[in-house]
Amino acid sequence: MNRFYNPVSIYFGNDSLGECTADLKERFSHIRRVLILTRGGGVEATESLAPILSLFAGKEGRFLEAAFYNPNIKDIYNLLQQVDSFPYELIVAIGGGSVMDSAKALTALQHMEISTPADIREVIMGEKYAEKSSFTPWIGLPTTSGTGSEVTSWATVWDEELGCKYSVADRRLFAKAAIILPELTLTMPLRLSVATGLDALCHATEAYWSVQSNPFSRAFALQAIERIRAWLPRLKREPSDLARREQLSLGSVLAGLAFSNTKTTACHSISYPLTLLYGIDHGIAASLTLSSVLRHNYSKIVEPEKLLRAFGAEDADGVDRFLRTVYEMYDLPGNLGAYGVTKESIPMIVSHAYTKGRMDNNPVPIKAEELDLMLASLL
Ligand SMILES: [Fe+2]
């Protein structure tokens, strides 16, 4: 597949703010009501956001907090309830992946018949949102460097009751603009910085070998991996160094662009039950199987030597060593046992690890017994 599509206008760094505000002013002058979705904690008061927010000063605005991680059906229902009487025409999402995914969910679910959280499940599972004639536009300002949600067209919504996760996916969910201001990531705690960096690393690596991989996504992926591999370990010494944050933000957006056209594969699919059942941070959970899946996929990877070179490695063992160095450096356990996984619980994980659109996007199928062995080797 040699097609690449991504309609998001990307503005990177404070230097882009002049052009960005001029563009947005022109594009959104007709908008009357703006919903500003944040994680809370006063991020909207950050100085560099002032030029963006001032664009909407004369409009009717509403601030809404999405103060949760991994949005689930009830979280989204609560948000919808809070803005029920406010017919927003644009969402400005300032936050990490959870905030941006919530913005996408609000975009997709606005004006749908939803009276209970169960209705959300039905609308998402039946993809009824796709029948809408138009989607509310949204703009993303990431405060983390990993999710890539600002340049992808889907959102993850979790269903704790049924123990699974859904993807709300539609081309109209692409943001109208992604404004990446790396200084917004300066206050991100180190553990979250590393977890989101590892997430981006997996997005890029999985995009590289995905069934839907193409020359464009592979080019973005290699650039992303090189940057994250070089700068993630260097963050530790000076987490408040803007230059380091810029490199990781850039790595994250490049990874986002890479997987915006390919989606993720086995590592992400396996990570969902690890997060749902054991609370392992998303990016860490995805990274735990990265080198094992690399070995499994190797024969079907296009130009695998380029992938290894981006990691500064000669083989899958080298990629594994890199990941273990990062885990050790940031005091993160690199084995499943430390997170509470036992040999007895592996069949349960395996039974929840086959997410449609992710596991079947892996270039070499992984049989349940193979996954069982893979997870056992990581205990
Ligand atoms: Fe991810």
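The structure displayed is predicted, hence computed values, not measured ones.

## A closer look at the overall build of the protein
The helix and strand tally for the protein stands at 15 helices and eight strands. Rg of the C-alpha trace for the protein: 20 Å, near the compact-globule value of 21 Å for 379 residues, within the 12% margin. Taken over the C-alpha atoms alone, the protein extends approximately 55 × 45 × 40 Å along its principal axes. Counting the 379 residues in the protein, one finds 58% classified as buried. The contacts in the protein between residues at least 6 apart in sequence include a share of 79% that link residues at least 24 apart. Each charge sign in the protein was given a centre, from 37 positive and 43 negative side chains, and these centres are 3 Å apart.

## With respect to the domain arrangement of the protein
Annotation of the protein at the domain level lists domain 1 (9–183) and domain 2 (188–377). Here the C-alpha centre of domain 2 lies 25 Å away from the C-alpha centre of domain 1. With 23 residues of domain 1 at the interface, the matching set in domain 2 holds 26 residues. Contact between domain 1 and domain 2 buries roughly 2100 Å² in total, counting both sides, with carbon and sulfur atoms accounting for 71%. Contact with domain 2 buries area across many residues of domain 1, yet S145, W154 and W158 alone supply 28% of it, more than any other trio. Seen at the junction of domain 1 and domain 2, the total is zero salt bridges. Taken together, domain 1 and domain 2 are joined by three residue pairs in polar contact (both at pLDDT 80 or more). Elements supplying a minimum of two residues to the side of domain 1 that touches domain 2: β1 (9–12), β6 (154–159) and β7 (164–169).

## A few points about the nonpolar core
In this structure, L198, I270, F311 and L371 are the most contacted members of the largest nonpolar core, which totals 62 residues. Ranked by the residues each element gives to this core, the list is headed by helix α6 (residues 190–209), at ten residues. Every residue in contact with L371, bar those within four places of it in the chain, is listed here: I270, V350, A353, Y354, M359 and I366.

## What about unusual backbone geometry?
We note that N70 has phi near 50°; this positive angle belongs to a residue other than glycine. One can find N70 in the loop between β3 (60–65) and α3 (73–82). At H111, a residue that is not glycine, the phi angle is positive and equals roughly 65°. Within the secondary structure, H111 sits in the loop between α4 (97–109) and α5 (117–125). On the basis of relative accessibility, which here comes to 68%, the residue H111 falls in the exposed class.

Thresholds applied
- Residues numbered from 1 in each chain as written.
- Predicted model: local features only at pLDDT ≥ 70, side-chain atom pairs only at ≥ 80, totals over all residues.
- Heavy atoms only, no water.
- Helix = DSSP H or I, 4+ residues; strand = E, 2+ residues; numbered from the N terminus.
- Rg over C-alpha atoms; globule rule 2.2 N^0.38 Å.
- Buried < 20%, exposed > 50% of the residue type's maximum accessible area, 1.4 Å probe, protein only.
- Contact = heavy atoms within 4.5 Å.
- Lys, Arg positive; Asp, Glu negative; His and termini not counted.
- Charge placed at Lys NZ, Arg CZ, Asp CG, Glu CD.
- Domains from an automatic or database assignment.
- Buried area = accessible area lost by both parts, 1.4 Å probe.
- Salt bridge = Lys/Arg side-chain N within 4 Å of Asp/Glu carboxyl O.
- Polar contact = N/O pair within 3.5 Å; in protein donor to acceptor, adjacent residues only side chain to side chain.
- Core = buried A, V, L, I, M, F, W, Y, C linked by side-chain atoms within 4.5 Å.

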